[in-house]
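# Coordinate inspection notes
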Amino acid sequence: MTTETKPSDQNPMVNAKVDGVGKRTKRKRRCRETNMTMVRSPQVMFPTLVRSPPVMFPLQRLYMACLEVFKGVGTVPSPSGDRMLRGILDDLMPEDIGLSRNLRFVGHDNTVFYTMICQCENFLLYALLLPENAVIPLHDHPEMTVFSKLLVGKVHIKSYDLVNPDVIDNPPPSSQLKLACLKEDGIFTAPCKTSVLYPTSGGNIHAFTAITPSAILDVVGPPFSKEDGRDCTYYKDVLQAISPNEKMLKKEEEEGKGYRWLEEIEIPLESLKMDRMEYLGPEIVEVSQ
């Protein structure tokens, strides 16, 4: 059975073809209800919009700055790079790496925990978490620059730099002893300014003792590498008299620091207990260097 379709039920454009209407007549479009003539809106020129770069979270900013500042083995940060990293680290908060300001350790047995945040060819970012009374003995950072930021807690820091033994008249009592100048021996409480040690200055040999539960963020460049001779050497203070000469006395007068003998020792397993823990803070988006 064939159903007859009325032209009015079809699409009007189809009707036009069916009816054989081939010509188009130009006429002004009118509003069906108001019968007003429609006119084209004038073209509006908008200013060119420039997309702003995404706002980086503090840890990402630190990472990007490290890519720029650390140039590899045998180099130290430039003065401008040094200032840039100090500025970023000075503003860093515990929350920026996913830490609470109220650190709690359960069943720690004075174990020091470290969490690796980022490991690159030219630098490392990691955090040290120290329970109350935990100790990291005297150790050095050969050929490395280290930026340290105390994020949480209260820590006693002692640091030394090795010096030329020509400032003393008597020879070292033992070949295992090295003469060092005391650079720091005090208590630091978070929040405080970033400290920096360099390959031969700034207290390259240092030790930490946590007075309260503490967290320290370290930026190290170039990274530790046993194969390349950048492994830690541990030391202990030797309480033995040093006979100063005029050169040493002048330095002590100028710098207000004392001198000590340091003895190289094996890793002090009885006092250094370390364990690695998973990093659970904000993730860094790594880029190629």
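Calculation notes
- Numbers given to residues run from 1 along each chain, matching the order in which its sequence is written.
- Since the coordinates come from a predicted model, pLDDT governs what is reported: local features require at least 70, and pairs of side-chain atoms require 80 or more to be given and counted, while whole-chain, interface and lining totals use all residues.
- Water and hydrogen atoms play no part in the side-chain values, which are based on all heavy atoms of the structure.
- Any carboxyl oxygen of Asp or Glu that lies within 4 Å of a side-chain nitrogen of Lys or Arg is treated as forming a salt bridge with it.
- Secondary structure elements follow DSSP: runs of H or I of four or more residues count as helices, runs of E of two or more count as strands, with numbering from the N terminus.
- Here the term buried applies to any residue with accessible area under 20% of the maximum for its type, exposed to any over 50%, and partly exposed to those in between, with areas from a 1.4 Å probe on protein chains only.
- To estimate how far a helix should reach, multiply one less than its number of residues by 1.5 Å.
- Residue contacts are counted whenever heavy atoms from the two residues lie within 4.5 Å of one another.
- Being paired, for any two strands, means DSSP has found at least two bridges between them.
- Axes, fitted as lines to C-alpha atoms, cover a helix only where it is in contact. Angles between the N-to-C directions of the axes lie from 0 to 180 degrees.

Further remarks concern the pattern of salt bridges. Enumeration over the complete set of coordinates arrives at seven salt bridges. For the salt bridge of arginine 86 with aspartate 82, the shortest nitrogen-to-oxygen distance reads 2.5 Å. Taken together, the residues span about one helical turn, with arginine 86 and aspartate 82 both in helix H3 (residues 79–90) at a distance of four residues. Between aspartate 109 and lysine 273 there is a salt bridge, with its nearest N and O atoms 3.0 Å apart. Here aspartate 109, found in the loop between H3 and strand E1 (112–119), pairs with lysine 273, found in the loop between strand E11 (259–265) and strand E12 (274–276); they are 164 residues apart in sequence, far enough to count as distant. Since its relative accessible area comes to 32%, lysine 273 is described here as partly exposed.

Between its terminal C-alpha atoms helix H2 (residues 58–69) stretches 16 Å, which fits the 16 Å expected from twelve residues at 1.5 Å a residue. When we look at burial in H2, the residues that qualify are Leu59, Gln60, Leu62, Tyr63, Ala65, Cys66, Leu67 and Val69. Taken together, the buried residues of H2 touch H3, E1, strand E2 (124–130) and strand E9 (214–221).

What follows concerns the sheet that holds strand E4 (residues 145–152). Ordered by their spatial adjacency, six strands build an open sheet running E7-E4-E9-E2-E1-E12, and the pairing between neighbours is mixed. Lying at the two open borders of the sheet, with one neighbouring strand each, are strand E7 (195–197) and E12. Averaged over all pairs of adjacent strands, the angle between strand axes in this sheet comes to 25 degrees, irrespective of strand direction. In this sheet, E9 lies alongside E4 in antiparallel orientation, the contact comprising seven bridges. Counted as the bridge partner of lysine 149 is leucine 217 from E9. Here H2 sits on the sheet in contact with E1, E2 and E9, set at roughly 25 degrees to E9. Packing of H3 onto the sheet brings it into contact with E4, E7 and E9, and relative to E4 it is tilted by some 15 degrees.

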